[in-house]
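Topology and contacts: notes
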Amino acid sequence: MLGNFLLGMVIPIILGAWILRRSFTIFILYYPLGVAIAACINNIGFNYFWNILPNTHNQSFAALPMDLGIYPIAGCLMMYAIIVKDAKPWVAILVSASSLTLLEWLAKMMGHVIYFNGWNILWTFLSYLLPFVLAYGYSKILRYTK
């Protein structure tokens, strides 16, 4: 659990805070969205498609550091790249989803993630792609409401 806490939450939040220190608005707008989407997807996934180590009675507890760390920070960094650095949105979305998929694939190869009920790395990529597309769509809605 200490590894989940350090690698999934502490390190991503420190790196994200350092990168986003001048873009606090991006953090405030997209971090809660990332936490909400990550928690929803992981709650469904733990019941039907995957487990992560350490095994706990409530698998969502093992993923809580990632739900509060790497997943929402990845979304914030993607939006930072799009809004501040003028990255092409679909490139930023694909790079973000691919990066998280690669990290999960490494965790799976090391035995920390277990798939079942037909789940595979392609479904994993799509489960990361959808939240990033939603975050980008959220940004478009925010622009129209100003």
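Definitions and limits used
Residues numbered from 1 in each chain as written. Predicted model: local features only at pLDDT ≥ 70, side-chain atom pairs only at ≥ 80, totals over all residues. Heavy atoms only, no water. Core = buried A, V, L, I, M, F, W, Y, C linked by side-chain atoms within 4.5 Å. Buried < 20%, exposed > 50% of the residue type's maximum accessible area, 1.4 Å probe, protein only. Helix = DSSP H or I, 4+ residues; strand = E, 2+ residues; numbered from the N terminus. Contact = heavy atoms within 4.5 Å. Axes fitted to C-alpha atoms, helices over the stretch in contact; angles between N-to-C directions. Parallel < 35°, antiparallel > 145°, perpendicular 65-115°, else oblique. Left-handed = near helix turned anticlockwise from the far one by under 90°. Expected span 1.5 Å × (residues − 1).

**Structural notes on the nonpolar core**
Grouped together as the largest cluster of nonpolar side chains are 34 residues, with contacts concentrated most on Ile52, Tyr71, Met78, Met79, Leu100 and Phe132. Where this core is concerned, the elements lending two or more residues are helix H2 (24-48), strand E1 (50-52), helix H3 (59-68), helix H4 (70-83), helix H5 (89-109), strand E2 (113-115) and helix H6 (121-144). Among the elements that line this core, the one with the most residues is H4, at nine residues. Setting aside anything within four residues of it in sequence, one finds Met78 in contact with Ala92, Ile93, Ser96, Phe132, Ala135 and Tyr136.

**Details of the packing of H4 against H5**
Two numbers describe how H4 lies on H5: the axes approach to 9 Å, and their chain directions differ by 155°. Classified by the interaxial angle, the pair formed by H4 and H5 is roughly antiparallel. Two packed elements cross with a definite hand, and for H4 against H5 that hand is right-handed. Between H4 and H5, the contacting residues are Ile70, Tyr71, Ala74, Met78 and Ile82 on the first element and Pro89, Ala92, Ile93, Ser96, Leu100, Leu103 and Glu104 on the second.

**Regarding H5**
The terminal C-alpha atoms of H5 lie 30 Å apart, and with 21 residues this matches the ideal 30 Å at 1.5 Å per residue to within 8%. Where the residues of H5 are buried, they touch H4, E2 and H6. Gly111 lies just past H5 and shows a positive phi near 85°.

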